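# An overview of the molecular structure
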Amino acid sequence: MDLQTVVDEIADVLGAAATIEDRAFQLVAYCAQSGAIDRVREESILRRRATDRVRAYFEGFGIATATAPVRIPPDERLGVLARICVPLRHRGVTYGYLWLLDSGAVTDARLAAAAPLIRRAAAALAQEVRSRQDAGTALRALFSLDPDVRAEADVEPQGPVAAIAVRTASEAVAPLWSLPRGVLADPGEPLTALLAPAAQAREVARRVQAMYGTAAGVGGARDDAADAWQSWREAVHALRVAEAVERHGPVAAWPDLGVYRVLSRLPRPDLAELAAPAKDLTGELARTVEAYLDHGGHARETAEELGVHRQTLYYRLGRAERLTGLDLADGESRLLLHLGLKAAALIHS
């Protein structure tokens, strides 16, 4: 029995509008509405999840640890009608909640009569969560460089998809189960791997990065999930940039990285060779020259960005020329120094 079927049957037996949400208050299934509807139920159906404010309100009634139905009174301020929350527990674990709008007709006796259906809903939701966890574990195979290993991956997400690499913080426990349905996640060290619908990937990356407080990289979209391993390699490179280059962190997306799409693929010895022309430029001087080159040699724009007088800028540029032996009026010298400064940022990442 699937969750949509069981929620319809529960609503039929109890004569009340019913919805099922997972532990993160994301909508899983709901019956057709009849009778009164409040703003909270309406927004939950439209947004596919409850707001943080509503979630905090309901959790204040102890639903997260409850083992029996919890009756919640109306609240005009939040636009909440009276409702009953039935924790969907399977083998001692709460996997979600059954919500019933309560006009007074849902008695304890009627809830008891619906208990077998509620147990089926809990078991079905538990099975869905376990399937998602199993699919998450299979991500490592899907992202493998070995085509034979990828062929054995027991996961078939629908494209377009994008991979996400997040630096794992060993002291943090990330509630990956709270991510939107359709997102696969496999926690691990040093990287947590995720695969998300391409349209949601950046938002998912920001959420998981915030959970760990580290950095994240997002790979390019792939229409065919069989090519997700390519997106994963890009996500790992993007993470490297996010950690090393302030302007691209803490979440970097592969399509936005410009020249770093080339540099991030290079091994450290090659980066060191590229960075050699800029080795004598450090701190403020390095930032000044890079800003100047980023602005295509436009002194006014560079001075405004740095908040310095144009003469100060010229003084610093002259000093950089003396230290490097390169002429910033020469196009090839500019390119050499520009790449050197970009490469230098990645050497220690």
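Nothing here was measured: the structure is a model prediction, and the numbers come from that model.

## Description of the packing of aromatic side chains
Applying the stated criterion across every chain, the model contains seven aromatic pairs. Look at Phe 25 and Trp 99: their rings are 6.2 Å apart centre to centre, the planes differ by 45°, and that puts the pair in the tilted class. Here Phe 25 is found in the loop between strand 1 (18-22) and strand 2 (27-30), whereas its partner Trp 99 is found in strand 5 (residues 93-101), with 74 residues between them in sequence. Accessibility assignment for this pair places Phe 25 and Trp 99 in one class, buried. Measuring from centroid to centroid gives 4.8 Å for Phe 143 and Trp 232, while their planes differ by 5°, and the two rings are stacked. Residue Phe 143 is found in the loop between helix 6 (139-142) and helix 7 (147-151), and its partner Trp 232 is found in helix 9 (residues 228-244); the two are separated by 89 residues along the sequence. Neither residue differs from the other here; Phe 143 and Trp 232 are each classed as buried. Here the aromatic residues Phe 25, Tyr 57, Phe 58, Phe 61, Tyr 97 and Trp 99 are joined through ring pairs into a cluster of three or more.

## Examining a negative patch on the surface
The grouping of Asp 2, Asp 8, Glu 9 and Asp 12 at the surface amounts to a negative patch. Structurally, the position occupied by Glu 9 is in helix 1 (residues 3-14). According to the relative accessible area criterion, Glu 9 is partly exposed, its value standing at 32%.

## Looking at the environment of Thr 288
Within the secondary structure, Thr 288 sits in helix 12 (residues 283-294). For the pair Thr 288 and Tyr 314, spaced 26 residues apart in the sequence, the C-alpha separation amounts to 10.0 Å. Setting aside residues up to four positions removed in sequence, Thr 288 forms contacts with Thr 302, Leu 306, Leu 313 and Arg 316. There is a polar contact of 3.0 Å between the side chain of Thr 288 and the side chain of Arg 316.

## Description of the nonpolar core
Counting 33 residues, the largest nonpolar core has Leu 142, Phe 143, Leu 195, Trp 232, Leu 257, Tyr 260 and Leu 346 as its most contacted members. Among the secondary structure elements, those contributing two or more residues to this core are helix 6, strand 6 (161-167), strand 8 (191-197), helix 9, helix 10 (260-263), helix 11 (268-275) and helix 15 (331-346). Here the element with the most residues in this core is helix 9; it accounts for seven residues. With 31 residues, the next largest nonpolar core counts Val 7, Ala 29, Leu 100 and Ala 124 among its residues.

## Here we look at the sheet that holds strand 10 (residues 251-253)
Strand order in the open sheet formed by five strands is 7-8-6-9-10, with mixed pairing between adjacent strands. Single-partner strands in this sheet number two, and they are strand 7 (184-186) and strand 10. Across the sheet, the axes of successive neighbouring strands diverge by a mean angle of 15°, strand direction being ignored. Here seven bridges tie strand 6 to strand 8, and the two strands are oriented antiparallel to one another. Each residue of the ladder has a partner; that of Ala 163, found in strand 8, is Leu 195. Helix 8 (residues 201-212) rests against strand 6, strand 8, strand 9 (216-218) and strand 10 of the sheet, and its axis sits at about 15° to strand 6. This element, helix 9, spans strand 6, strand 8, strand 9 and strand 10 of the sheet and lies at about 40° to strand 6.

Basis of the calculations
Residues numbered from 1 in each chain as written. Predicted model: local features only at pLDDT ≥ 70, side-chain atom pairs only at ≥ 80, totals over all residues. Heavy atoms only, no water. Phe/Tyr/Trp six-rings, centres within 6.5 Å; stacked < 30°, edge-to-face > 60°. Helix = DSSP H or I, 4+ residues; strand = E, 2+ residues; numbered from the N terminus. Buried < 20%, exposed > 50% of the residue type's maximum accessible area, 1.4 Å probe, protein only. Patch = residues over 30% accessible without salt bridge, like charges linked within 9 Å, V, L, I, M, F, W, Y side chains within 5 Å. Areas by Shrake-Rupley, 256 points an atom, 1.4 Å probe, with all protein chains shown as cover. Salt bridge = Lys/Arg side-chain N within 4 Å of Asp/Glu carboxyl O. Lys, Arg positive; Asp, Glu negative; His and termini not counted. Charge placed at Lys NZ, Arg CZ, Asp CG, Glu CD. Contact = heavy atoms within 4.5 Å. Polar contact = N/O pair within 3.5 Å; in protein donor to acceptor, adjacent residues only side chain to side chain. Core = buried A, V, L, I, M, F, W, Y, C linked by side-chain atoms within 4.5 Å. Pairing = 2+ DSSP bridges. Axes fitted to C-alpha atoms, helices over the stretch in contact; angles between N-to-C directions.

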